[in-house]
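Below are the chains, spelled out letter by letter.
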Protein chains: 2
Amino acid sequence: MLNDEFFMNEALKEAKIAFEKGEIPIGAVIVSNNQIIARAHNMTETLNDVTAHAEMMAFTSASNYLGSKYLNDCTLYVTIEPCTMCAGASYWTQIGKIVYGADDDKRGFSKINSQILHPKTELIKGVLKDKCAELIIQFFKSKRN
Amino acid sequence: MLNDEFFMNEALKEAKIAFEKGEIPIGAVIVSNNQIIARAHNMTETLNDVTAHAEMMAFTSASNYLGSKYLNDCTLYVTIEPCTMCAGASYWTQIGKIVYGADDDKRGFSKINSQILHPKTELIKGVLKDKCAELIIQFFKSKRN
């Protein structure tokens, strides 16, 4: 079943790879015509680059794959609510749909202004949110020990 | 004289390189201890990537140079007001100061929420603003002909 839960589970696989690398565990995939065309996970520590969020790398990767700057017919699945930077990037891609798992109550874009997204971008939230949030909670727990 | 005008002129040089490549002419430099440690210009067309704004590439480049994710002691000079994506990225870098030239009345971050910047980031605007804006006006004029 190629539904939102299926693709969010794929994003979660990416988040788990980040976890194992000691990165804040956030993962993303981009889907076009029911096919995953980009996969990425947070790499800010590994790359020593605060712009290396899962979504940013997934956008670049999807654009490379499609040979197009615009992702109108694509869906971004990301385990945590995008931050202002990533939501701002999604505006420029004109992405068709964003599906995220858990809210980010601190740095989620909707805390700044929910109109950061492109007016044509459909937004769905809360898909597998407990699993997505749990990974983050576990990560910070492991860091405190 | 290594003042704001001097460094904005360096950012303008980058913007002019973008112009010659057919890119929307926006340029940026990042300065640390009165030294330019990163230079970049908008490359969205060349790279086919909407995230390839001058500021984003300058942040990545400065982090690489310093071997640090954070740019607390740095100043970003950019010819046009950063968009939401770039301002959101600047938050994560904790950059010390942002100096921009001309306002972007459509997509400038301050039209969304001026609190996108990191609370420690000092903001100066309007440096060489006419020169910075003129380049953009010329660019779109040339596209219409």
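Data block above holds the structure.
Right, let's walk through the structure included here. (Residues numbered from 1 in each chain as written. Chains lettered and ligands numbered in written order. Predicted model: local features only at pLDDT ≥ 70, side-chain atom pairs only at ≥ 80, totals over all residues. Heavy atoms only, no water.)

Looking now at the overall build of chain A. Counting secondary structure elements, chain A contains six helices and five strands. The order of α-helices and β-strands along chain A, N terminus first, is α-β-β-α-α-β-α-β-α-β-α. For the C-alpha atoms alone, the extent of chain A along its principal axes is close to 45 × 30 × 30 Å. Relative to its full complement of 145 residues, chain A shows a buried share of 55%. For chain A, contacts bridging at least 24 residues in sequence account for 61% of all contacts bridging at least 6. Surface exposure of chain A reaches about 6,600 Å², of which carbon and sulfur atoms provide 49%. Here chain A holds 16 positive side-chain charges and 17 negative ones, and the gap between their average locations is 2 Å. (Helix = DSSP H or I, 4+ residues; strand = E, 2+ residues; numbered from the N terminus. Buried < 20%, exposed > 50% of the residue type's maximum accessible area, 1.4 Å probe, protein only. Contact = heavy atoms within 4.5 Å. Areas by Shrake-Rupley, 256 points an atom, 1.4 Å probe, with all protein chains shown as cover. Lys, Arg positive; Asp, Glu negative; His and termini not counted. Charge placed at Lys NZ, Arg CZ, Asp CG, Glu CD.)

Every α-helix winds through 3.6 residues per turn, so residues three or four apart in the chain are directed the same way. Residues and elements named next belong to chain A. Under the 1.5 Å per step criterion, the end-to-end length of helix 6 (residues 129–144) is 23 Å for 16 residues, consistent within 8% with the ideal 22 Å. The complete set of buried residues in helix 6 reads Cys132, Leu135, Ile136 and Phe139. In an axial view of helix 6, the angular spread of the buried residues amounts to 90 degrees, which keeps them on one side of the axis. In helix 6, those exposed residues whose orientation departs by more than 90 degrees from the buried face are Asp130 and Arg144. Among the structural elements, helix 1 (4–20), strand 3 (74–80) and strand 4 (97–102) are those in contact with the buried residues of helix 6. (Expected span 1.5 Å × (residues − 1). Arc of directions from axis to C-beta.)

A word on the sheet that holds strand 3 of chain A. Residue and element names in this part refer to chain A. Reading across the sheet, the five strands line up as 2-1-3-4-5 and stay open at both edges, with mixed pairing between neighbours. Each edge of the sheet is formed by a strand with only one pairing partner; in this case those strands are strand 2 (35–41) and strand 5 (122–125). With strand direction ignored, the average angle separating the axes of adjacent strands in the sheet is 15 degrees. Here strand 1 (residues 27–32) pairs with strand 2 via six bridges, running antiparallel. Opposite Ser32, over in strand 2, you have Gln35 as the bridge partner. (Pairing = 2+ DSSP bridges. Axes fitted to C-alpha atoms, helices over the stretch in contact; angles between N-to-C directions.)

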